[in-house]
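Descriptive structure summary
The residues making up each chain are set out below.
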Amino acid sequence: MPLYTLETQGQLQPGLQQEWLLTNGLGGFASSTVVGCNIRRYHGLLCAATLPPVGRVILLNRVGEIIKLDNKPDLFELSVNQFRGNLHPRGDQYLRQFELGDIATWQYQIDTVRITKQIQILWQQNVTAIRYTIDPGSHTVEFDLLPFVAMRDFHALRHKDRDQFENGAGEHHVWLRDGELRLWLRSNQLNYIPEPDWWTGHVYPIETERGQDDSEDLFKPGRFNIKTNKPITFTLTAAMEDVKGIDWDAELKRRPIVTKPSQSITMNRLRRAASDFIVSRRCPDGTPGQTVIAGYPWFADWGRDTMISLPGLFLTTGRFNEAAKVLSVFANYVSEGMIPNRFDDYTNQPSYNTVDASLWFIHAAFEFHRTSGDDQTFNQTLLPACKQIIAGYSHGTRYNIRMDTDGLISQGDPTTQLTWMDAKMGSTAFTPREGKPVEINALWYHALVLMGETELAAKVKASFIQTFWISPFRGLADVVKGTVRDNSIRPNQIFAASLPNSPLSEDQQRAVVEVVRRELLTPVGLRTLAISDPKFCPTYSGDQWNRDRAYHNGTVWPWPLGAFLEAYLRVNKRSPESIQQAKAWLAPLIDHLNNTGCIGSISEIFGAMPPHPPAGCPAQAWSVAEVLRIAAQLEM
């Protein structure tokens, strides 16, 4: 059953701005807009993960549909494409309804002809199936499917550089090859007719907005054709190898069941969103494991994002076996007391360049043990990794990450960006946080308490308050380096009040919550810098430099809202009034999940100023995870 139904009634907007996403559990996906117009370089009907969950390539970009009625010359086209200065064709005028669940469904009507288009990306396979059902009504319908292929790295763009790709065809199929990339397109009923051609000048307006290359040429090898005057259903499959037929319903049943009939529609929608980010990754020894895609369409799995997301994505939803696999993968990658920050898109090799991911790992590991009761995984795999992390941070590890004489953690140098506020271009760090960041030391204290390091934890608690506390009106400093305090008002201080073990008194926690509420709270998350700060950037737009400059200097992030609401509920003893207020603060993000951006997911960031437009990745793991975690607590 669909979780979302949007009535379009032949209108272009808002469907041109609303996106959809289907995932395959490998890191691959299919994605576009509700009206079928690709507006990003990452949109496509088959983005395959060749080295799960990375090595992603856009193979099938889109499919055009052309209809003739009763042998008349008039053409009706269902697709919508953006070219420089115009949209063509305008299939949106025939689109009546869009539905999204485990599959995406479009309902079109041309006179008395009804056309249903459905897309599923097969679970744990780099295969997209597109099924059409045509009810011709009183007409004879001739139907052509025109596949347009990109055959490229998903970060790149294709430009015409030859007459055609290497290819071969049969009665119902065509295959194409470009270097090591291969694509098979096969229909179970339609005849294939070779008609090689390039369509040039497709424009992706979101790339234009981001100051990047924004146009692409796509190759059409030919068309699939059928003529009928009776109702008919047929399927086109796109895959990296020849798939000669699929059982549509059987393939759908292979997907894990992530919604529950007894739950609210909001929780079912959030559970479905959460499942998109859970993907396969092998452990260092080659055994199967799992991880978390940080965001679609362009992020891979990041250690920091994975550990922050894990309680919401897995523990709130009762997916303990999968949580164990994710934690075990990262436990096996611990090196010098650090878990990887990310894995390379092409080599899959880990990069160890974050100070917070390892501390979030300890939090996630103990939350997993508390909620699952899995002593074996915790004691045999996770606890030894936690001990390595404590030892690494105590004695010192990469990037000057080390415990100072006061027990606090210091890190970095002027050239590094090791916290989540990590935007950097060339030698410019847009949010320099060298020294002792407040959230790192809140996490450090929390980790020490969890690990039973009581003597050191007491020392850290005293040092934390002496080092970071400013006043009830200003809360905590953001970073301290030697005798220099950065008193910028940022959301990082909220973690000192939200984590289960806080170094602050109840009054100090209450003060921090009020500072963050007063200075940073918006309807869609927390600003990353107070408006009053001279470094505040009101807009996130333009080229890479301008976007990175604003990324953590005012831009709103949804994921820290989870920590804010956790802390707010705690300092207010979860009173009925505080619960109602928390629900009201969370409601705009639930509305966003349902109606704007990527339907069925939550964006990475939002603009700093009203109306707070969504930006960045349209589907972000920790945004979904934290909203899900808090919504479950509030029984929304």
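Above this text is the structure in question.
This structure is a prediction, so every number in the text was calculated from the model and none was measured.

Structural notes on the pattern of salt bridges
For the structure on display, the rule yields 38 salt bridges. A salt bridge links D242 to R186; the nearest nitrogen and oxygen atoms lie 2.9 Å apart. Here R186 lies in strand β16 (residues 181–187) and D242 lies in the loop between β19 (232–239) and α2 (248–253), a separation of 56 residues in the sequence. Close ionic contact of D507 with R510 constitutes a salt bridge, the shortest N to O distance being 3.1 Å. On the criterion of helical spacing, the pair formed by D507 and R510 is a turn pair, its members being three residues apart in helix α11 (residues 506–520). Sharing partners across several salt bridges, the network here consists of D144, E195, K220 and R223.

Side note on the nonpolar core
Ranked by internal contacts, the top residues of the largest apolar core, which has 205 residues, are W20, I115, L185, F361 and F564. With sequence-adjacent residues up to four places away left out, W20 is seen in contact with A30, S31, S32, T33, V34, L45, F98, L100, A104, W106, I119 and C598. Counting residues in hydrophobic clusters, the runner-up holds seven residues, among them L122, A129, A239 and V243.

Digging into the packing of helix α14 (residues 576–595) against helix α15 (residues 621–634)
Where α14 meets α15, the closest approach of the two axes is 10 Å, and the angle between their N-to-C directions is 140°. It follows from the interaxial angle that α14 and α15 lie oblique. The two elements α14 and α15 meet at a crossing, and its hand is left-handed. Taken together, the residues of α15 that come into contact with α14 (itself represented by I579, A582, K583, L586, L589 and I590) are V627, I630, A631 and L634. When the residues that make up the contact of α14 with α15 are grouped by side-chain class, the tally is nine nonpolar, no polar and one charged.

Comments concerning the pairing of strand β8 (residues 86–90)
When strand β7 (residues 80–83) meets β8, the two strands line up antiparallel, connected through three bridges. Within β8, the position partnered with F83 by the bridge is N86.

A look at the environment of K117
Examined against the element boundaries, K117 turns out to sit in strand β11 (residues 113–121). Considering only alpha carbons, one finds K117 and Q107, ten residues apart in sequence, at a separation of 6.6 Å. The contacts of K117, once residues within four sequence positions are left out, are V63, E65, A104, T105, W106, Y108, I130, R131 and Y132.

The rules behind the values
- Residues numbered from 1 in each chain as written.
- Predicted model: local features only at pLDDT ≥ 70, side-chain atom pairs only at ≥ 80, totals over all residues.
- Heavy atoms only, no water.
- Salt bridge = Lys/Arg side-chain N within 4 Å of Asp/Glu carboxyl O.
- Helix = DSSP H or I, 4+ residues; strand = E, 2+ residues; numbered from the N terminus.
- Core = buried A, V, L, I, M, F, W, Y, C linked by side-chain atoms within 4.5 Å.
- Buried < 20%, exposed > 50% of the residue type's maximum accessible area, 1.4 Å probe, protein only.
- Contact = heavy atoms within 4.5 Å.
- Axes fitted to C-alpha atoms, helices over the stretch in contact; angles between N-to-C directions.
- Parallel < 35°, antiparallel > 145°, perpendicular 65-115°, else oblique.
- Left-handed = near helix turned anticlockwise from the far one by under 90°.
- Nonpolar A, V, L, I, M, F, W, Y, C, P; charged D, E, K, R; others polar.
- Pairing = 2+ DSSP bridges.

Treat this as a map of the structure, not an account of what it does.
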